[in-house]
Amino acid sequence: MTLQLPAFETHVVDNQPPPFGHRNLWRDDRALQEAISHEGGGAFVATLSHYGELAGGDLYRAGFDANRQRPLLRTHDAQGHRIDTVDFHPAYHQLMSTAKTHGVGGLSWHAQQAGAHVARAALSYLHHQAEAGTSCPLTMTHAAVPVLRQEPALAEWASKAAMPFYDPRDLPIGDKAGITLGMGMTEKQGGSDVRANTTTATPLAAPGEYSLVGHKWFFSAPMSDGWLVLAQAPGGLTCLLMPRRLPCGKRNAFHLMRLKDKLGDWSNASSEVEFCGAWARRVGEEGRGVATIIEMVMLTRLDCMLGAAAEMRMALAQALHHARHRRSFGKCLVEHALMANVLSDMAIESEAATALSMRVARAVDAAPQDPREAAFARIATAIGKFWVCKRAPAFVNEAQECLGGAGYVEESMLPRLYRQAPLNSIWEGSGNVQCLDVLRALAREPHARAALLDELQQGSGRAEVYDHALAAVSPALSGEAIAEVDARNLVARLAVLLQAATLLRVGSPLATTFVQSRLGGAGHVYGVLDAATPFTDILARALPAD
Ligand SMILES: Cc1cc2nc3c(=O)[nH]c(=O)nc-3n(C[C@H](O)[C@H](O)[C@H](O)COP(=O)(O)OP(=O)(O)OC[C@H]3O[C@@H](n4cnc5c(N)ncnc54)[C@H](O)[C@@H]3O)c2cc1C
């Protein structure tokens, strides 16, 4: 008699969306393509399309692996010698290597062409969608270059940081074709207020050389080849370059104490460090540390804005993909009127974030030749950093909700995006710091104020609701003193106006809906657009159907 085994199949798997899959993140993104064309990056389309293919394929997959295994600090070797190294998943190095060789960390400096900053910003935006943790060492490496260029003795550092080569080996930079860089400003007793730094920089016999004693409380990318640090020299707070290896090949005198156990940003290591007589070279003048390093910070702040915009874009793409394939109550989620409203509202928010970020990238690109653009970059970076970063966490949560329970499960990527989303508003100057910086620029930098006013006026005369909102902030734009307590109120309004002006100026098909919903008094959640909104058109534009 033959035994009848039970069938293993208990049910048919049905109504599950196909995997997000291999996509070209550039080709999918009309808002990005149009922003690049409007903001002067058109010469780099082939480069961006190629990177979009990588970011939506190999890098997208590598991002899951790089975040599955968190970096491991190894302080000593088997014989008890200090080694202070960090081990990463191989996927982390794959992400870094691909990004570096394709210019994510340096295209702006080695492509001698107008629009290179805009293209680098778009590369960074594409990369960040696949994997956000590696954006930290990439952005710091990119942003350190103009600071290092100020010091002729550090020309090799500046040029190797900009080079499209990744070499993770722990060697003196003379033995490497490409390097990565970090920054050390934050100490235990104060991060926003770096004047409270206690780390000392004692001059050595050779001019420009110092010995560092003290600590940094947050010190990301601890496997970098060098860091720009702030320390108290005899003349006051000073910027210095501290290499990992001395030119002779010996380890520099610092210890990695532990790695931070972070909410997110898991592929990237952030450490605590102590300097015990570490050798460093001064960058800029003694006592001018903040003024020297601010050039780096301005660029990392732009990347915070880009990163937040990228997180929104990826969250939107995931939500829309899901809603097009998942059915409930007899139709696809996206066909339900209320879901179409939520997704359309998110698409508008995402496009505005992308458009503003790329507009600021254009200002950074033009700044060396154009004082008006330099002044605009100075104030718009702070406004955009505050607002776009502030919008990302709630946006990602809304996208999670579109996926239902699947959005709370790691395989969907949404939990990783959700953990990452708050970070950009915290580091590189938290929200209040950005808002106070805008007040300072409005009060003391007439060129920045004039550039902002000029930019906002370019949106005038196209929508009544815009003109009213602009008139309401005109006292601040004409130099009237604004109380500190009102800073967020003002900067939030300036940010939305700036996004609206950008969309109006380039004739975005979403401009009218953005203006009406954001400046015309709609609600505080996504999904409150007017019933007459062209939802189908907005969603078709947001992501091609697959
Ligand atoms: C994952 C991670 C990695 C990091 N990596 C690095 C790194 O590599 N290098 C580095 O130097 N730093 C790094 N940081 C530190 C980061 O830049 C600081 O945490 C940040 O600048 C805030 O400083 P703080 O933590 O000392 O907070 P505080 O300065 O104590 O500020 C706390 C809050 O108070 C607000 N605040 C401060 N002053 C005022 C004021 N005058 N009015 C109103 N509000 C105010 C701030 O906006 C903030 O919201 C990292 C942080 C994180 C989370």
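Everything numeric in this text was worked out from a predicted model, so none of it was measured. (Residues numbered from 1 in each chain as written. Predicted model: local features only at pLDDT ≥ 70, side-chain atom pairs only at ≥ 80, totals over all residues. Heavy atoms only, no water.)

### Regarding the overall build of the chain
Here's step 1: A count of helices and strands for the chain gives 20 helices and 11 strands.
Here's step 2: Its C-alpha atoms give the chain a radius of gyration of 24 Å, within 12% of the compact-globule value 24 Å for 546 residues.
Here's step 3: With the C-alpha coordinates aligned to their principal axes, the bounding extent of the chain is approximately 90 × 80 × 40 Å.
Here's step 4: When the accessible surface of the chain is totalled, it reaches about 22,200 Å², and 56% of it is carbon and sulfur.
Here's step 5: The distance from the centre of the 51 positive side-chain charges to the centre of the 55 negative ones in the chain is 3 Å. (Helix = DSSP H or I, 4+ residues; strand = E, 2+ residues; numbered from the N terminus. Rg over C-alpha atoms; globule rule 2.2 N^0.38 Å. Areas by Shrake-Rupley, 256 points an atom, 1.4 Å probe, with all protein chains shown as cover. Lys, Arg positive; Asp, Glu negative; His and termini not counted. Charge placed at Lys NZ, Arg CZ, Asp CG, Glu CD.)

### A look at the nonpolar core
Here's step 1: Core analysis: the largest hydrophobic core is formed by 182 residues, its most contacted members being Leu212, Leu228, Leu452, Leu456, Tyr466 and Leu494.
Here's step 2: When residues of this core are assigned to their parent elements, the largest contribution, 19 residues, is made by helix 9 (residues 289-325).
Here's step 3: Setting aside residues up to four positions removed in sequence, Leu212 forms contacts with Thr200, Ala201, Val229, Ala231, Leu240, Met242, Phe275, Cys276, Gly277, Ala278 and Ala280. (Core = buried A, V, L, I, M, F, W, Y, C linked by side-chain atoms within 4.5 Å. Buried < 20%, exposed > 50% of the residue type's maximum accessible area, 1.4 Å probe, protein only. Contact = heavy atoms within 4.5 Å.)

### Remarks on the pairing of strand 5 (residues 209-220)
Here's step 1: Pairing geometry for strand 4 (residues 200-203) and strand 5, over 4 bridges, is antiparallel. Within strand 5, the position partnered with Thr200 by the bridge is Val213.
Here's step 2: Taken together, strand 4 and the strand that follows it, strand 5, pair antiparallel across an intervening segment of 5 residues, in which Gly208 is found at a positive phi of about 85°.
Here's step 3: Alignment of strand 5 against strand 9 (residues 270-283), held across 10 bridges, turns out to be antiparallel. Bridge pairing in strand 9 links Tyr210 to Ala280. (Pairing = 2+ DSSP bridges.)

### Things to note about the packing of aromatic side chains
Here's step 1: Taken as a whole and judged by the stated rule, the model has 9 aromatic pairs.
Here's step 2: Taking 5.4 Å as the distance between ring centres and 75° as the angle between the ring planes, the aromatic pair formed by Tyr60 and Phe64 counts as edge-to-face. With Tyr60 and Phe64 both in helix 3 (residues 58-68) and 4 residues apart, this pair spans about one turn of that helix. Of the two residues, Tyr60 and Phe64, neither departs from the other in class, the shared state being buried.
Here's step 3: Here the aromatic cluster, defined as three or more aromatic residues joined through ring pairs, consists of Phe219, Trp227, Phe254 and Phe275.
Here's step 4: Against the face of Trp217 rests Lys260, its NZ or CZ located 3.3 Å from the ring centre.
Here's step 5: Against the face of Phe64 rests Arg416, its NZ or CZ located 4.8 Å from the ring centre. (Phe/Tyr/Trp six-rings, centres within 6.5 Å; stacked < 30°, edge-to-face > 60°. Lys NZ or Arg CZ within 6 Å of the ring centre and 35° of its normal.)

### With respect to the pattern of salt bridges
Opposite charge on two side chains permits them to pair, given that their charged atoms come into close proximity.
Here's step 1: For the coordinates displayed, the defined rule picks out 41 salt bridges.
Here's step 2: Put simply, Glu187 and Lys216 hold a salt bridge, and the shortest N to O gap is 2.8 Å. Here the residue Glu187 occupies a position in the loop between strand 3 (181-184) and strand 4, and Lys216 occupies one in strand 5, the gap between them amounting to 29 residues. Just as Glu187 is buried, Lys216 falls in that class too.
Here's step 3: The salt bridge partner of Asp454 is Arg372, with a shortest N-O separation of 2.8 Å. In this pair, Asp454 sits in helix 15 (residues 446-457) while Arg372 sits in helix 11 (residues 371-402), placing the two residues 82 residues apart along the sequence.
Here's step 4: For Asp454, a relative accessible area of 33% corresponds to the partly exposed category.
Here's step 5: When salt bridges that share partners are traced, they join Glu39, Arg359, Arg362, Arg372, Glu373, Asp454, Glu455 and Arg505 into one network. (Salt bridge = Lys/Arg side-chain N within 4 Å of Asp/Glu carboxyl O.)

### Considering the site of the ligand
Here's step 1: Around the ligand, the surrounding shell holds 20 residues, and the nearest of these are Met185, Thr186, Gly191, Ser192 and Ser220.
Here's step 2: In this structure, Met183 approaches the ligand through a main-chain N or O atom, which is 2.9 Å from a nitrogen atom.
Here's step 3: One nitrogen or oxygen atom from the main chain of Ser220 is found 2.8 Å from an oxygen atom belonging to the ligand.
Here's step 4: Taken by itself the ligand offers 970 Å² of open surface, and the protein chains cover 66% of this.
Here's step 5: Sorting the residues of the shell around the ligand by element identifies strand 3, strand 5, helix 13 (423-426) and helix 14 (431-444) as the ones contributing at least two each.
Here's step 6: Class assignment of the residues belonging to the shell around the ligand gives a composition of 9 nonpolar, 9 polar and 2 charged. (Near = heavy atom within 4 Å. Polar contact = N/O pair within 3.5 Å; in protein donor to acceptor, adjacent residues only side chain to side chain. Nonpolar A, V, L, I, M, F, W, Y, C, P; charged D, E, K, R; others polar.)

### Looking at helix 10 (residues 337-366)
Here's step 1: With 30 residues, helix 10 extends 44 Å from end C-alpha to end C-alpha; this agrees with the ideal 44 Å at 1.5 Å per step.
Here's step 2: Within helix 10, 27 of the 30 residues are buried, which leaves it mostly tucked inside the rest of the structure. (Expected span 1.5 Å × (residues − 1).)

### Focus: the environment of Val360
Here's step 1: Along the chain, Val360 falls in helix 10.
Here's step 2: Along the sequence, Val360 and Met242 sit 118 residues apart, while their C-alpha atoms lie 31 Å from each other.

### Some thoughts on the packing of helix 7 (residues 135-148) against helix 8 (residues 155-162)
Here's step 1: Where helix 7 contacts helix 8, the two axes come as close as 9 Å, and the packing angle between them is 150°. Considered as vectors, helix 7 and helix 8 are oriented roughly antiparallel to each other. The two elements helix 7 and helix 8 cross, and the hand of that crossing is left-handed. Contact with helix 7, carried on its side by Thr141, Val145 and Leu148, involves Trp157, Ala158, Ala161 and Ala162 of helix 8 and no other residues of that element.
Here's step 2: A per-class count over the contact of helix 7 with helix 8 returns 6 nonpolar, 1 polar and no charged. (Axes fitted to C-alpha atoms, helices over the stretch in contact; angles between N-to-C directions. Parallel < 35°, antiparallel > 145°, perpendicular 65-115°, else oblique. Left-handed = near helix turned anticlockwise from the far one by under 90°.)

### A word on the side chain of Ser517
Here's step 1: Tracing the backbone through its elements, the reader meets Ser517 in helix 19 (residues 511-519).
Here's step 2: In this structure the side chain of Ser517 is engaged in a polar contact, spanning 2.6 Å, whose partner is the backbone oxygen of Thr513.
Here's step 3: One polar contact links Ser517 to Arg518, side chain to side chain, over a distance of 2.9 Å.
Here's step 4: For Ser517, the contacting residues outside a window of four places in its chain are Ala522 and Leu529.

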